[in-house]
Amino acid sequence: MRIIAALTIIMLTAGQALAADAHEISRRLDELFRAGSSRTVVSMKVTTPHYTRILKMEIYTRGMDDTLVRILEPKKERGVATLKRGSKMWNYLPKIRKTIRIPPSMMSSSWMGSDFSNDDLVRESSWEKDFDVILMTGLPAGQAGLEYIPKPDAPVPWHKVVGYFDSETLIPTTIEYYDEKGRLARTMTFDEVGILGGRTLPKRIVLTPLLGDKLGNSTVMVYEEAQFDLPLRDGLFSLTTLRAGR
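These remarks concern the structure in this document. (Residues numbered from 1 in each chain as written. Predicted model: local features only at pLDDT ≥ 70, side-chain atom pairs only at ≥ 80, totals over all residues. Heavy atoms only, no water.)

### Quick notes on the overall build of the chain
The number of helices and strands found in the chain is three helices and 13 strands. For the chain, whose C-alpha radius of gyration is 20 Å, the value lies close to the compact-globule estimate of 18 Å for 246 residues. Judged by the C-alpha coordinates and their principal axes, the chain covers about 75 × 45 × 35 Å. Buried residues in the chain amount to 43% of all 246 residues. Excluding contacts between residues fewer than 6 apart, the proportion of contacts in the chain whose partners are at least 24 apart in sequence is 45%. In the form shown here, the chain has an accessible surface area of approximately 13,200 Å², with 55% of it arising from carbon and sulfur atoms. One way to put it: in the chain the 34 positive side-chain charges average out to a point 8 Å from where the 30 negative ones average out. (Helix = DSSP H or I, 4+ residues; strand = E, 2+ residues; numbered from the N terminus. Rg over C-alpha atoms; globule rule 2.2 N^0.38 Å. Buried < 20%, exposed > 50% of the residue type's maximum accessible area, 1.4 Å probe, protein only. Contact = heavy atoms within 4.5 Å. Areas by Shrake-Rupley, 256 points an atom, 1.4 Å probe, with all protein chains shown as cover. Lys, Arg positive; Asp, Glu negative; His and termini not counted. Charge placed at Lys NZ, Arg CZ, Asp CG, Glu CD.)

So, in structure tokens, the structure goes:
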């Protein structure tokens, strides 16, 4: 009986540790390029069978709720901006001086013609809060895996998402997205891990669609600069700032 009791305690402890690991991995994935506040400079290369397009943008974040993205290059698109504040999101088009409210139904739509969605960029959904998480077993040494199942009311368009991580650093290596038919719809890979803003992070993210009219496309994001937990001025995440262009 003592042996059985001891084994039960060990199994419970292991299960609690696995659950804690899943929670910690999900929290870190939510905050991968965020902190109390952050500023990053990112290049984005969009490739399709018909054209290649390169953007450079500056991104500010505050916690998980606020994001401001402003395009710096090319010149013809400079000043185009996106603001997320809480659960609300807007795009600003400086050429026509128009602010457009993005409804929740459009969060899974393409951001600026890229393969990244509005939600990918500004994080309306949360890995930690919007999914039930299953810790995968039987993976190669040094690799951890999580299967994410969206909760019933979560603002998530996927049937499930599977993430693979370095088990020591908890840095993601690959995320697979499955559609409502259970098909692998796209992959997101993370590489070029190095020091960025004093943190160890993947500097490059490659998003590859695998179905439909986006087959043959890819979008590559490269983080060039990063600062974390920096002071941000009052009013930065406002419609006034969105329209001001700075």
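Now, onward.
### Here's the deal with the nonpolar core
Of all hydrophobic cores here, the largest spans 44 residues; its most connected members are M57 and Y148. Residue contributions to this core peak at four residues, all from strand β13 (residues 218–228). (Core = buried A, V, L, I, M, F, W, Y, C linked by side-chain atoms within 4.5 Å.)

### Comments concerning the pairing of strand β3 (residues 66–73)
Taken residue by residue, a regular strand's side chains alternate between the two faces of the sheet. Within β3, six of the eight residues are buried, leaving the element largely enclosed by the surrounding structure. With seven bridges connecting them, strand β2 (residues 52–62) and β3 associate as antiparallel partners. Across the sheet, the residue bridging to M57 is I71, located in β3. Where β3 meets strand β4 (residues 81–85), five bridges bridge the pair, whose relative direction is antiparallel. Counterpart to D66 in the pairing with β4 is R85. (Pairing = 2+ DSSP bridges.)

### A closer look at the packing of aromatic side chains
Under the criterion given, the structure shown has six aromatic pairs. Where W127 meets Y148, the ring centres are 4.9 Å apart and the plane angle is 55°; that geometry is what we call tilted. A residue pair is termed long-range when its members are at least 10 positions apart, and W127 in the loop between α2 (118–122) and β7 (131–135) and Y148 in strand β8 (residues 143–150) qualify at 21 residues. Taken as a pair, W127 and Y148 share a single burial class, namely buried. (Phe/Tyr/Trp six-rings, centres within 6.5 Å; stacked < 30°, edge-to-face > 60°.)

### Quick look at the pattern of salt bridges
A complete count under the given rule lists 12 salt bridges for this structure. The closest approach of N and O atoms between R28 and E24, which form a salt bridge, is 2.9 Å. Of the two residues, R28 and E24 are both situated in helix α1 (residues 2–30); the distance of four residues between them amounts to about one turn of the helix. Classification of R28 as partly exposed rests on a relative accessible area of 36%. Using a relative accessible area of 22% as the deciding quantity, one classes E24 as partly exposed. Here R53 and E77 are joined by a salt bridge, their closest N and O atoms 2.6 Å apart. Of this pair, R53 sits in strand β2 while E77 sits in the loop between β3 and β4; the two residues are 24 residues apart in sequence, bridging distant segments of the chain. (Salt bridge = Lys/Arg side-chain N within 4 Å of Asp/Glu carboxyl O.)

### What about the pairing of β2?
As paired strands, strand β1 (residues 37–47) and β2 are joined by 11 bridges and run antiparallel to one another. Opposite V46, over in β2, you have R53 as the bridge partner. Linking two consecutive strands that pair antiparallel, namely β1 and β2, is a turn of four residues. Counted along the chain from β2 to the antiparallel partner β3, the turn is three residues long, and its residue G63 has a positive phi close to 60°.

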